[in-house]
Amino acid sequence: MPHHAIKILLTVAVLFAVAPSVHGSTLYVANNGLDGVLCLNVGGCGSKAFPCRSITRAICNAVAGDTIIVGPGRYGDLDGDGTPGETGEEIGSPGCGCMLSVNKPVKLRSSEGAAATVIDAHTVDVIQNVLIIADGGAFGQPGQGFTVTNTARLGGGAGIVIDSTNVKVRGNQLVVIPPPIGGFPGAGIATVDATQTILIEANQVIAWFSGIEAHGAGKTVSKNQVSLSGEQGISATGASVVVGNVVTASDRGIHLMGAASAVGNAVYGNREGIVVAGPFSGSIEKNNVFGNKDCGLAVISGASALAAHNYWGAPTGPGSDPADDVCTLPGSTFTVTPFATHPFSVNAPIKP
């Protein structure tokens, strides 16, 4: 064999030897696991036979692309004393203001679903329970998500906050443990106001001050169930897309600003269905908007809303009961024609 051919083969062999697995390794976390005393990439906890006790330690032992499978049980402030980081407990990165910091691009999943897998920070004075700051990861998926609680922060600690891109948050339950300090807690799921590719999908968000907040371009809020929000069920700004969600029993169902769009949602039984604040250049179409107490569409002063092809509760369009009406303030304009004469099929099936 020629010398140059041998050299090429050796180079290829070396590349394959050092290239990491595309799918990564799998680490395990369980309520009968042990974290040990050190954070180790090799030889630490995380195997199926020797799982970690905390999600934090498994993330510490993981490398980019790994999957972490979390068994059923309770994670977070295990003894409820308000001090995270004790034996077996979660502790965020320094300065994160969180209970659990997802600071590596890993895929976090539960083995038994959200209802059986609780990340509890309701006794801890932090800004958010879970903070996702690594690009390219995933937190939960339908049927393998987590229950994430509020925190004890005065005025409302958030459930999940995302400050990264190429991230998916799916299949989780965001739960408020009463009584939250300072009234309603903060947002169930929130993003920062930046251009980031984020999918928030198939989550169930109940009784937060703001259910889901999607700020900045690149956010997709899809097929979530949001209810009993003290302010708005879903708030979207920038060029975020709100599609296929069901929002009920909140003060405001969907609140839109900027170039955000609401398409194919169901907005039922809120005080106000869809609220538009100016300046607004997004679209509102193919939504079911009815049963809302004050108005189906509220256009705040200075805003201009195009809301055609929606179903307002009656084949005759917006108006008196059984339809929803449109409310406007001076300086605002709206267009609702043509309107749909039959309700759309809107389903947001949740597999917690």
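Refer to the structure printed above.
The model shown is predicted, which means the values in this text are computed figures rather than measured ones.

Draft legend 1. Inspection of the overall build of the chain at higher detail. Looking only at helices and strands, the chain has 2 helices and 31 strands in total. For the chain, the spread of C-alpha atoms along the principal axes amounts to about 80 × 65 × 30 Å. Taken across its 352 residues, the chain has 51% of its residues classed as buried. When contacts within the chain are restricted to residue pairs at least 6 apart in sequence, long-range pairs at least 24 apart make up 52% of them. Taken as a whole, the chain presents about 14,800 Å² of accessible surface, with 61% of it coming from carbon and sulfur. The positive charge centre, built from 18 side chains, and the negative charge centre, built from 24, are 11 Å apart in the chain.

Draft legend 2. Spatial organisation of the side chain of Ser101. Following the sequence through the fold, Ser101 ends up in strand E4 (residues 98–102). Judged by its relative accessible area of 6%, Ser101 falls in the buried class. In terms of polar contacts, Ser101 uses its side chain to reach the side chain of Ser93, at 2.9 Å. In contact with Ser101, other than residues within four places in its own chain, are Ile59, Gly92, Ser93, Cys96, Leu131 and Ile133.

Draft legend 3. Spatial organisation of the nonpolar core. Counting residues in each nonpolar core, the largest one holds 58 residues, and the members touching the most others are Ile68, Leu108, Phe139, Ile160 and Leu297. Listed in part, the 5 residues of the second largest apolar core include Cys96, Leu131, Ala158 and Val161.

Draft legend 4. Highlighting the pairing of strand E19 (residues 232–236). Burial analysis of E19 places 5 of its 5 residues in the buried class, which makes it a mostly covered element. Pairing of strand E16 (residues 210–214) with E19 involves 4 bridges; the strand directions are parallel. By the bridge assignment, Glu213 is partnered in E19 with Ser235. In this sheet, strand E22 (residues 252–258) lies alongside E19 in parallel orientation, the contact comprising 4 bridges. Bridge pairing in E22 links Ile234 to Ile254.

Draft legend 5. Structural context of the side chain of Lys219. With respect to the element layout, Lys219 can be found in strand E17 (residues 219–222). Buried within the structure, Lys219 lacks any salt-bridge partner; Asp193 is the closest side chain of opposite charge, at an N-O distance of 6.1 Å. A distance of 2.4 Å separates a polar side-chain atom of Lys219 from the backbone oxygen of Ala194. With residues up to four places along the chain from it excluded, the contact list for Lys219 reads Thr191, Val192, Ala194, Gln196, Ile198, Ala214, Ser240 and Val241.

Draft legend 6. Looking closely at the pairing of strand E10 (residues 158–162). Of all 5 residues in E10, 5 are buried, a share of seventy percent or more. One ladder, built from 4 bridges, connects strand E7 (residues 128–132) with E10; its direction is parallel. Along E10, the bridge assignment pairs Val130 with Ile160. Relative to strand E13 (residues 187–191), E10 is paired through 3 bridges, and the arrangement is parallel. What sits directly across from Ile162, in E13, is Thr191.

Draft legend 7. Just the pattern of salt bridges, in detail. Counted under the stated rule, the structure contains 7 salt bridges. The partner of Glu272 in a salt bridge is Arg271, and the shortest N-O contact between them spans 3.4 Å. Classification of Glu272 as buried rests on a relative accessible area of 11%. Among the residues examined, Arg271 registers a relative accessible area of 28% and is labelled partly exposed.

Draft legend 8. Expanded view of the packing of aromatic side chains. Under the definition given, this model contains 3 aromatic pairs. Between Tyr268 and Phe290, the aromatic rings sit 4.8 Å apart at their centres with planes inclined by 45°, giving tilted as the arrangement. Of this pair, Tyr268 sits in strand E24 (residues 266–268) while Phe290 sits in strand E27 (residues 288–290), and the two are 22 residues apart along the sequence. Of the aromatic side chains, those joined through ring pairs into one cluster are Tyr268, Phe290 and Tyr311.

Draft legend 9. Representation of the sheet that holds E24. In space, the 9 strands of this open sheet follow the order E3-E6-E9-E12-E15-E18-E21-E24-E27, with parallel pairing throughout. Only two strands of the sheet have a single partner each, and these edge strands are strand E3 (73–76) and E27. Averaged over all pairs of adjacent strands, the angle between strand axes in this sheet comes to 15°, irrespective of strand direction.

Draft legend 10. Inspection of the sheet that holds E17 at higher detail. Read from one edge of the open sheet, 10 strands run E1-E2-E5-E8-E11-E14-E17-E20-E23-E26, paired in parallel fashion. At either margin of the open sheet sits one strand with a lone partner, and together these are strand E1 (26–29) and strand E26 (284–285). The pairing of strand E11 (residues 167–170) with strand E14 (residues 198–201) spans 4 bridges and is classified as parallel. Its bridge partner being in E14, Lys168 is matched across the sheet by Leu199.

Draft legend 11. Seen up close, a nonpolar patch on the surface. Taken together, the side chains of Val37, Leu38 and Leu40 make up a nonpolar region of the molecular surface, amounting to roughly 310 Å² of accessible area. Here Val37 is to be found in the loop between E1 and helix H2 (55–61).

Scoring rules and cut-offs
- Residues numbered from 1 in each chain as written.
- Predicted model: local features only at pLDDT ≥ 70, side-chain atom pairs only at ≥ 80, totals over all residues.
- Heavy atoms only, no water.
- Helix = DSSP H or I, 4+ residues; strand = E, 2+ residues; numbered from the N terminus.
- Buried < 20%, exposed > 50% of the residue type's maximum accessible area, 1.4 Å probe, protein only.
- Contact = heavy atoms within 4.5 Å.
- Areas by Shrake-Rupley, 256 points an atom, 1.4 Å probe, with all protein chains shown as cover.
- Lys, Arg positive; Asp, Glu negative; His and termini not counted.
- Charge placed at Lys NZ, Arg CZ, Asp CG, Glu CD.
- Polar contact = N/O pair within 3.5 Å; in protein donor to acceptor, adjacent residues only side chain to side chain.
- Core = buried A, V, L, I, M, F, W, Y, C linked by side-chain atoms within 4.5 Å.
- Pairing = 2+ DSSP bridges.
- Salt bridge = Lys/Arg side-chain N within 4 Å of Asp/Glu carboxyl O.
- Phe/Tyr/Trp six-rings, centres within 6.5 Å; stacked < 30°, edge-to-face > 60°.
- Axes fitted to C-alpha atoms, helices over the stretch in contact; angles between N-to-C directions.
- Patch = residues over 30% accessible without salt bridge, like charges linked within 9 Å, V, L, I, M, F, W, Y side chains within 5 Å.

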